[in-house]
Amino acid sequence: MLKNNKIISNISYGITAFLFIFSYSLCFAVSLQLNIWYALVTAITSSVVSITLKSEVLAPDTFFTVPLLLVLSSGNNALMPFSVIGGALIYFALNKKFKEAEIHSAVKSALSLSLAFSVTALLTTHYFGIGAEGFTVIEILKTYRSLGFHPNWRGVFYGTITLFCMITYPFKFRKANKYLPAEFFSLLLPLILNFILNPQIEYTPINELKDNFDFISQSDLSFFLPSFNTNFDFSMQSYVNAFKGAFSVGALLLLFNSKNTRTDSTGTASILNGIQGGFPVRNYKIRGYSLPSAVVSVLLIVYACFFLDDILMRIPLHSAAVVLIVNAWKQVPFGALGKSFKNGILSIISIILIFVTSVIFDIFTTLILAIILNTLLPIFNKQKGGAENG
């Protein structure tokens, strides 16, 4: 009896993990105009890596965000899976050596704010159906200015329903959210409405996933080969980009999943403080998540990618963008951000530098700056404290 209950629990945890991870991966992949191959690889990687966390699963943010400008902007989409899988392997290797990692509160706040602003700027075009393009914030803002504001109001209707669900559902239905994640429910409701209001796919007036996404054909299992080899660049720079992406993913996974919660006089705080979110990783609490649960999650991910394409392609693109925008802002620690502005001129300058860099350049450049500042700030604070005591 106990064994049967354990099996049922593992299946239940696996289903919940699948609903959260796959919904998130699907939103990321379509918003970045990739095909479902990337959603598949990223979702499976998140499911497997999450085994190390035991009572929670890892959102796929890192696996998309960090390698994005390293490999996609280089024009070599085929390198993305290398960065994703390589990052997971590097994380497993580093996790055995390093168990603790800390980040300055000002740096964490600035990174979270920068990510939220960048995601909003880059994905507003999908929410409103404007049709702007760009990989960096400055590029997309220039496109908005040239195109003007001409939204698809019917699509905005679906996106706004998702916005309402993402904000209210986790608070109004907390018990249901433990088994039916807000990310999934916020896509399911617009999907059902779209089937009712726009039953004929040929005449739909909104932007759907099919307009921005290549799905795996059930009759063509060689889909992976052309998508993996198309325009593949074997240059040394491509491999350097892939390695940089993989190492960044692995290091961030280690850093942002540290369980160290110590805060010292220099203002240094742990990145996660237990299982709280931060840049760019968000965890979803699932009690008892384990290897059997991961197997269930992976099997469901594969099944959805290969056999549910007729349903998935009808999800409004407007809704997928809103899921990412809302989750990005949920990760901003506004309390810590306010306190950072009161911690002195060095914290203020760090926040401004990180934010401006994220707008003008890209995420990787912002991350490098953040690592440098995170190293220097405790040193400066210590020297300042010593000078005042002296």
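This write-up is about the structure you can find in this document. (Residues numbered from 1 in each chain as written. Predicted model: local features only at pLDDT ≥ 70, side-chain atom pairs only at ≥ 80, totals over all residues. Heavy atoms only, no water.)

Description of the environment of Ser55
Basically, it comes down to this: Strands here are runs of E lasting at least two residues and helices are runs of H or I lasting at least four, both read from the DSSP assignment and numbered beginning at the N terminus. A 1.4 Å probe rolled over the protein chains alone gives each residue an accessible area, and that area as a share of the maximum for its type sets the label: buried under 20%, exposed over 50%, partly exposed in between. Here, two residues are considered to be in contact whenever any of their heavy atoms come within 4.5 Å of each other.
Considering the arrangement of structural elements, one finds Ser55 in the loop between helix H2 (36-49) and strand S1 (56-58). Under the relative-accessibility criterion, Ser55 is labelled partly exposed at 32%. As a C-alpha pair, Ser55 and Gly288 span 233 residues in sequence and 5.3 Å in three-dimensional space. Setting aside its immediate chain neighbours within four residues, Ser55 contacts Lys285, Ile286, Arg287 and Gly288.

Considerations on a nonpolar patch on the surface
Operational definition: Two distance rules govern patches: like charges are joined within 9 Å, and nonpolar side chains (Val, Leu, Ile, Met, Phe, Trp, Tyr) within 5 Å, applied only to residues with over 30% relative accessible area and no salt bridge. We get accessible surface area from the Shrake-Rupley algorithm with a probe of 1.4 Å; when it comes to residues, only the shown protein chains can shield them. Whenever Lys or Arg places a side-chain nitrogen within 4 Å of a carboxyl oxygen from Asp or Glu, that contact is recorded as a salt bridge.
A contiguous nonpolar patch, built from Ile345, Leu346, Ile349, Leu353, Ile368, Ile371, Ile372, Leu376, Ile379 and Phe380 and spanning about 830 Å² of accessible area, is present on the exposed surface. Broken down by secondary-structure element, the contributors of at least two residues to the nonpolar patch are helix H16 (345-360) and helix H17 (363-389). Looking at the nonpolar patch element by element, the count peaks at six residues for H17. Position of Ile368 among the secondary structure elements: in helix H17.

Comments concerning the side chain of Thr204
To keep things clear, this is the line we draw: Identification of polar contacts relies on pairs of N or O atoms within 3.5 Å, with a donor-acceptor requirement for protein atoms, meaning one able to donate a hydrogen and the other able to accept it, and with residues adjacent in sequence counted only if both atoms are side-chain atoms.
Considering the arrangement of structural elements, one finds Thr204 in the loop between helix H9 (182-197) and helix H10 (224-229). The buried category is assigned to Thr204, whose relative accessible area is 15%. At 2.9 Å, the side chain of Thr204 and the side chain of Glu208 are in polar contact. For Thr204, the residues in contact, after removing those within four places along its chain, are Asn194, Asn198, Lys210 and Arg314.

Focus on helix H14 (residues 317-330)
Heads up, the rule is: To estimate the expected span of a helix, count its residues, drop one, and scale the result by 1.5 Å.
In a regular helix each residue adds 1.5 Å, so 14 residues correspond to 20 Å; H14 covers 21 Å between its end C-alpha atoms and thus fits that length. Within the span of H14, buried status applies to Leu317, His318, Ser319, Ala320, Ala321, Val322, Val323, Leu324, Ile325, Val326, Asn327 and Ala328.

As for H16
Relative to the 22 Å expected for 16 residues at 1.5 Å per residue, H16 spans 22 Å between its end C-alpha atoms, a close match to the ideal helical length. Turning to H16, its buried residues are Ser347, Ser350, Ile351, Ile354, Thr357, Ser358 and Val359.

A closer look at the nonpolar core
Note the following rule: Joining through side-chain atoms within 4.5 Å is the link that ties buried Ala, Val, Leu, Ile, Met, Phe, Trp, Tyr and Cys residues into a set, and such a set is a nonpolar core.
Grouped together as the largest cluster of nonpolar side chains are 77 residues, with contacts concentrated most on Phe22, Val57 and Val107. Counting five residues, the second-largest nonpolar core is a separate cluster that includes Val49, Leu53, Ala88 and Tyr91.

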